[in-house]
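Analysis of the macromolecular model
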Amino acid sequence: MIVILLNGIVMMLSLYLIYIWVPPAAILGETSRIVYLHVPLAWVSCLAFAVAGIASLSFLKKSKINYIVYARSSAHIGLFFSILTVITGSLWAKVMWGSYWNWDPRETSITLLLLLYIAYFSLQQIVSGNPKAPMLESVYLIIAFVASPFLIFVAPRLYPTLHPEPVINAQGQLMLDTEMRLVLAISLVSFTLLYYILLGLWVRIYVLKSKLHEE
Amino acid sequence: MVTVKASNLSKRYTRMLFRDMSFSVATGQSLAIAGPNGSGKSTLLKIIAGVMTPDSGNVAYWYNDKPVDTAYIRNYIGFAAPYINVYKYLTALENITFAIGTVDDDAVQLLDVLGLSPHSNTMLMFYSTGMIQRVKLALAFLKKASVLCLDEPGSNLDEQGKRVLFSLLEKVQPTTAIFIATNDAHELNFCKRSIVLD
Amino acid sequence: MIKALWRNIQKDILIEFRSRIIVSIVLSFSVIVTISIGFATGGIINSPLLHAAILWIIIFFSGMNTLSHVFFREIEESTALFGVIHYPAVVIYLSKLLINCCVMVVIAIMVIIIYVFVISVSVYHGIYLIAILIAGSLSLAFATTVIGAIAALAGARGGLFTILAFPVVLPLFTVAIQSTARCFEQQVFSPLSAIIFLLAFSMVLGMVSYLLFPYIWREF
């Protein structure tokens, strides 16, 4: 409860900061405000994926079904956030680079993350009811988790990119003023809190659903 | 000398199959597991053989009063069951080579006793179900394991096949702990003890 | 361990040769697709990148037919438990991995030979090309063997394996395509970083798969 309240306050604060307080970035203009939404969304997508991977690993180690519930819930949230990331990113790309989709390495990695989530959910749909479902899901998620650093960090750097540096770094150079960094940091915190709350809710929904099934 | 100790085994699928089941079977003893279809006979046999984990409880193997690591239980078990298929694209001899490692004199002799010698170089896809059952039994016995798990060993066998099966069982009983999941009266009679699942 | 591994491989090779599924479907699949692409384009494709992409797509989809096949066979014929009661799961994994590696390399070599034969492409760096093809197909096998087992255990022949494997292998796919394209260009380049990437990728995924496989290949 306290967390929800706290998150509400931080959310409000970051909204105020994003839309009223912070000055628009030098070159990007008013559109730069989307960065405070886009970057936290991308961060939560990755975080949710990492949490799901670690939860799956814990499931294999301790074989407690709770961990699977966490992995599934986290993946659900991650899917939702990565879709939002792609949408906000392509809107921004349309304004800044002229088209919705540019196959920029960062765009590519978030799409791959989205694909991984989709693959995970296809697997989940197909194996549901199979006594081995939790095992299969967690093994797949761990494999994907292990492959993801190659996906997100290594592969984009190996071949020539559209942009001299990944988007976030390019922004970092533009955002030299501390005000913008501060706002981004606060926004990141508020979205991480939001993720935490959503995860708790999702887990509760799962638990209640499975109880309903048993009765 | 092997002892198989099962303690407080429970397993549920769609329903509770068994709960808090405990027993101990040593070399020279035999245990029959009976019960209607779907009562969990095969599940219990798989748990005994260590290829399935129970929801709670455990099966411990003791070899000469020393505990056997779960990773090596496989080496102590011969297992024949309808749900363990042999490779139909391999011949009987090739299946034996795969499972046991070599085809020795005992193997040749056993195949002869089971009436498989003339066909031992034929792919199993050309075998009848009864002949395949004989191959499965041959594999289980040839492993010379200290524990023998048989699920409906007499299925698909003719009278002569069943006679061979019982003579083999009699022969290995003194040195082996035998588990048989069955509803066949003859096989139930062979075992000194039995569990009935419901 | 080596003996056990060898017995498993021997058994799988015998079965594959007798059932002829890999030989007939997989190999002819790659041949037919390559030839039909040559047919459709009249053998003229101008971009090296396009050449590389087509080449790897053929290899990937030919691989999709075989990489999970070795597990599907065990599940569909309920022989999986037969293997498990005689051998540790890791031996089974390693034997399937080795078989998949061999099949993938054979596919890659075959595809490139037919490709060069039916489609006019100038290969400037032949040895690099072979090295990249081998490294790429090996890492395809390493990355997807355990996913093949997952697809087989999920009991879904067909699309699922491709859906599961594709996002995981995409990084190696892009690297392989990029560096293969360079082999069709005159410029001098070093394929070393790409090959190291591919091998590192396969090592990491192979190691993780080795550890994870025993968790899923049991309880049949």
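No experiment lies behind these values; they were computed from the predicted model shown.

Moving on to the pairing of strand E8 (residues 177-181) of chain B. Residue and element names in this part refer to chain B. Judged by how many residues are buried, E8 sits mostly within the fold: five of five residues are covered. Burial along E8 is two-sided: Ala-177, Phe-179 and Ala-181 and Ile-178 and Ile-180, pointing in opposite directions, are all buried. Examined bridge by bridge, strand E3 (residues 30-34) and E8 share four bridges and lie parallel to one another. In the sheet register, Ser-30 faces E8, and the bridge partner there is Ile-178. Where strand E7 (residues 147-151) lies against E8, five bridges are found, and the strand directions are parallel. Note on E8: the bridge partner recorded for Leu-148 is Ile-178.

Let us look at the environment of Ile-147 of chain C. Inspection of the secondary structure puts Ile-147 of chain C in helix H7 (residues 126-154). Sequence-wise, Ile-147 of chain C and Ala-165 of chain C are 18 residues apart; in three dimensions their C-alpha atoms are separated by 6.5 Å.

Taken residue by residue, the interface counts 30 residues in chain C and 26 residues in chain A. Buried area between chain C and chain A, both sides added, is near 2,600 Å², and the carbon and sulfur share of it is 86%. Summed over the shared surface of chain C and chain A, the result is zero salt bridges. Run the count over chain C and chain A and you get four residue pairs in polar contact (both at pLDDT 80 or more). Those elements giving two or more residues to the side of chain C that touches chain A turn out to be H7, helix H8 (159-183) and helix H9 (192-216) of chain C. It is H9 of chain C that contributes the most residues to the side of chain C that touches chain A, eleven residues altogether.

Cut-offs and rules
Residues numbered from 1 in each chain as written. Chains lettered and ligands numbered in written order. Predicted model: local features only at pLDDT ≥ 70, side-chain atom pairs only at ≥ 80, totals over all residues. Heavy atoms only, no water. Buried < 20%, exposed > 50% of the residue type's maximum accessible area, 1.4 Å probe, protein only. Helix = DSSP H or I, 4+ residues; strand = E, 2+ residues; numbered from the N terminus. Pairing = 2+ DSSP bridges. Contact = heavy atoms within 4.5 Å. Buried area = accessible area lost by both parts, 1.4 Å probe. Salt bridge = Lys/Arg side-chain N within 4 Å of Asp/Glu carboxyl O. Polar contact = N/O pair within 3.5 Å; in protein donor to acceptor, adjacent residues only side chain to side chain.

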